[in-house]
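Listed below, chain by chain, are the residues.
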Amino acid sequence: MTALSHAAGDSATMVARQLRHMLRYPSMTLLLAGMPVLFLLLFVYVFGGAMGAGAGGAAAARADYLDYIAPGVLLITVASAAQGTAISVAMDMAEGIVARFRTMDIARVSVLTGHVVGSLIQAMLITALVTAVALLIGFRPTAGPAEWLAAIGLLALASYALTWLSVALGLVSKSVETASNLPMPLVFLPFLGSGFVPTETLPAGLRWFVEYQPFTPLTETLRALLTGGGAGDSWTAAVAWCAGITLVSYVWAKRLYNRAPSA
Amino acid sequence: MPRNTPRPAVSVEGLRKSYRDQTVLDGVDLEIPAGTIFSLLGPNGAGKTTMVKILSTLIRADGGRARIFGHDLAADPDAVRAAIGVTGQYSAVDGLLTGQENLMLMAGLHRLRGAAARRRTAGLLERFDLADAAKKPAAAYSGGMRRRLDLAMTLVGEPRLIFLDEPTTGLDPRSRRDMWQIIRDLVADGATVFLTTQYLEEADRLADRIAVLDRGTIVAEGTAAELKRRVPGGHVLLRFAEAGALASAAEKLGGETDPESLALKVPGGGGVASLRDLLDRLDTASIAPEELSVHTPALDDVFLALTGNRGANGHARKANR
């Protein structure tokens, strides 16, 4: 067998390990899904009546607002799942099992790819769950099959990028507590974008930040795909952000993992 | 090297490691023949775990060279990794997985598939008395069970050299004895064992050769018997009820007095003849000791004599055998 097929085989073994963790302890998955669902319900049922632009009273306003925020909530979902990755990476590093892996003749990166692919699958499951809740309470996307596919692809790209970032954050954390706090901003970044309110309503300084942060083009593109009948005009920025974050995080994570463990 | 000389399992020359300004290993030389149990003995903080971490490719040495079955540690770490198995001081099992799943995970990483993997796993579960707990998550295991699972996981790849870093620390006496038997069986099957321990009894019972590591250097190396020969022999300790008896006994027998505890330390063996002679001489002088104990040199004495003044304050330690 070649080195490459060894790396693939080892990674597959590690992915299987992560999936087993996930199946055995579904509470983590449910917990990660819980927050975005809560946000969704909170925003639609508490703020929706006041925020929506519908002309037919509070119910129509709510339905309208739901369509507006669904993409932002889906991105929060992806970010929230990534937070789980940082925690599970940090927990893993604190255990002796990773020291064992390091002394074995296996592809080194497989420990990380196991986490990334496992988390990606978990994130997609959670995203599907949140989407289902959104549809259930009245989210009515206009996307055709091609747009749906593109939307799923975009969410997967975003999830992949944030997962690698979280792996790096999990590795850089000295404790599990730190690891659970470090990715926190990721969950709140979608709020500082076009996810919940039109950017024109924001004060100038904040608006400047919003224009240049990655979640804005991601939200715009996802919204365009789901309810706008196309990819919109910021999809290149969205894809570029994902590619850039992935690349930087991958290199960072790999370097962190390869550096000698302290003491 | 000549073809008929088996390659040493471990050969280390001038190994050095420091963390910032603190030197942990200061020029360690070692050679461990294949198929033996080697024990690295030393007080806490002597550098034992650092040594294991370097030899098992977890961390790099700052200087010196080390080879495992002829593979250079720095040049070919993967060949080293393929030959070794490590069971560290801290549990290296996946607590979320069951015992069986942990072993299957190792089998997968050693590229064993299907029936072969299941056979190896079942055999190890049986051998380590874990078959009944095979389907329970490792997090629910007792300390001894975890340690056994840990070692079983190390053995999935059938390593030729096994590092055991304080394998019995924290185990109850029964589990410790079980672990000792397992270690003996490993060597009987042809493996080489590199054992670190702070329990002298453990090194004494198991190891073919012992090296004493103190403050980063090997201060003594040899068999348990050789090491014991290096410290002054045994003695008989007599305790008296009052200072007068102590003084007259000291006059008759010689030896070292400790007025504070009214004790007299008479050098010499604990053989029946010499003991009878000693008691006869006390009898003739009508001195009756309160208490008598025979001390044979133990590895403890060697350890204390060699590892500096920590604890070696001149008091005889009771040998436990």
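Keep in mind the model is a prediction, meaning the values are calculated, not measured. (Residues numbered from 1 in each chain as written. Chains lettered and ligands numbered in written order. Predicted model: local features only at pLDDT ≥ 70, side-chain atom pairs only at ≥ 80, totals over all residues. Heavy atoms only, no water.)

Trainee: Sorry if this is basic, but what is going on with the domain arrangement of chain B here?
Mentor: Interfaces are frequently sized by the accessible area removed from exposure as the parts join. Along its sequence, chain B is carved into domain 1 (10-93 + 141-229) and domain 2 (235-295). Taken over C-alpha atoms, the centre of domain 1 of chain B sits 43 Å from the centre of domain 2 of chain B. (Domains from an automatic or database assignment.)

Trainee: Hey, could you run me through the pairing of strand E1 (residues 10-19) of chain B in this one?
Mentor: Within a regular strand, side chains alternate between the sheet's two faces. Residues and elements named next belong to chain B. Both E1 and strand E4 (residues 63-68) contribute to a ladder of 5 bridges, which runs antiparallel. What sits directly across from Ser11, in E4, is Arg67. Across 8 bridges, the pairing between E1 and strand E2 (residues 22-32) is antiparallel. Each residue of the ladder has a partner; that of Val10, found in E2, is Ile32. Between E1 and E2, which pair antiparallel in sequence order, lie 2 residues; one of them, Arg20, sits at a positive phi of approximately 50°. (Pairing = 2+ DSSP bridges. Helix = DSSP H or I, 4+ residues; strand = E, 2+ residues; numbered from the N terminus.)

Trainee: What am I meant to see in the interface of chain A and chain B here?
Mentor: Counting residues at the interface gives 25 residues for chain A, matched by 30 residues for chain B. A buried area of about 2,500 Å², summed over both sides, lies between chain A and chain B, and 58% of it is on carbon and sulfur atoms. Counting across the interface, chain A meets chain B through 5 salt bridges. For the pair chain A and chain B, the interface holds 11 residue pairs in polar contact (both at pLDDT 80 or more). Where the side of chain A that touches chain B is concerned, the elements lending two or more residues are helix H1 (3-24) and helix H4 (96-102) of chain A. Among the elements that line the side of chain A that touches chain B, the one with the most residues is H1(A), at 8 residues. Residues of the side of chain A that touches chain B, tallied by class, amount to 11 nonpolar, 5 polar and 9 charged. (Contact = heavy atoms within 4.5 Å. Buried area = accessible area lost by both parts, 1.4 Å probe. Salt bridge = Lys/Arg side-chain N within 4 Å of Asp/Glu carboxyl O. Polar contact = N/O pair within 3.5 Å; in protein donor to acceptor, adjacent residues only side chain to side chain. Nonpolar A, V, L, I, M, F, W, Y, C, P; charged D, E, K, R; others polar.)

Trainee: What am I meant to see in the packing of helix H10 (residues 215-227) of chain A against helix H11 (residues 235-258) of chain A here?
Mentor: Two quantities define a packed helix pair, namely the angle between the axes and the distance from one axis to the other. Residues and elements named next belong to chain A. It is at 8 Å that the axes of H10 and H11 come closest, and there the two elements cross at 130°. One way to sum up the angle between H10 and H11 is to call them oblique. Between H10 and H11 the crossing geometry is left-handed. In this structure, H10 contributes Pro217, Leu218 and Thr221 to the contact, and H11 contributes Trp235, Ala237, Ala238, Trp241 and Cys242. (Axes fitted to C-alpha atoms, helices over the stretch in contact; angles between N-to-C directions. Parallel < 35°, antiparallel > 145°, perpendicular 65-115°, else oblique. Left-handed = near helix turned anticlockwise from the far one by under 90°.)

Trainee: Is there a simple way to explain the nonpolar core in this structure?
Mentor: Looking at soluble globular proteins, one finds that nonpolar side chains tend to be buried together. Counting 66 residues, the largest nonpolar core has Phe101(A) and Met106(B) as the members making the most contacts within it. Here the element with the most residues in this core is helix H6 (residues 173-188) of chain B; it accounts for 6 residues. Among residues more than four places away in sequence, those in contact with Phe101(A) are Met14(A), Arg17(A), Ile106(A), Val111(A), Leu105(B), Met106(B) and Leu109(B). Ile76(A), Val78(A), Ala134(A) and Leu162(A) belong to the second largest nonpolar core, which has 43 residues in total. (Core = buried A, V, L, I, M, F, W, Y, C linked by side-chain atoms within 4.5 Å. Buried < 20%, exposed > 50% of the residue type's maximum accessible area, 1.4 Å probe, protein only.)

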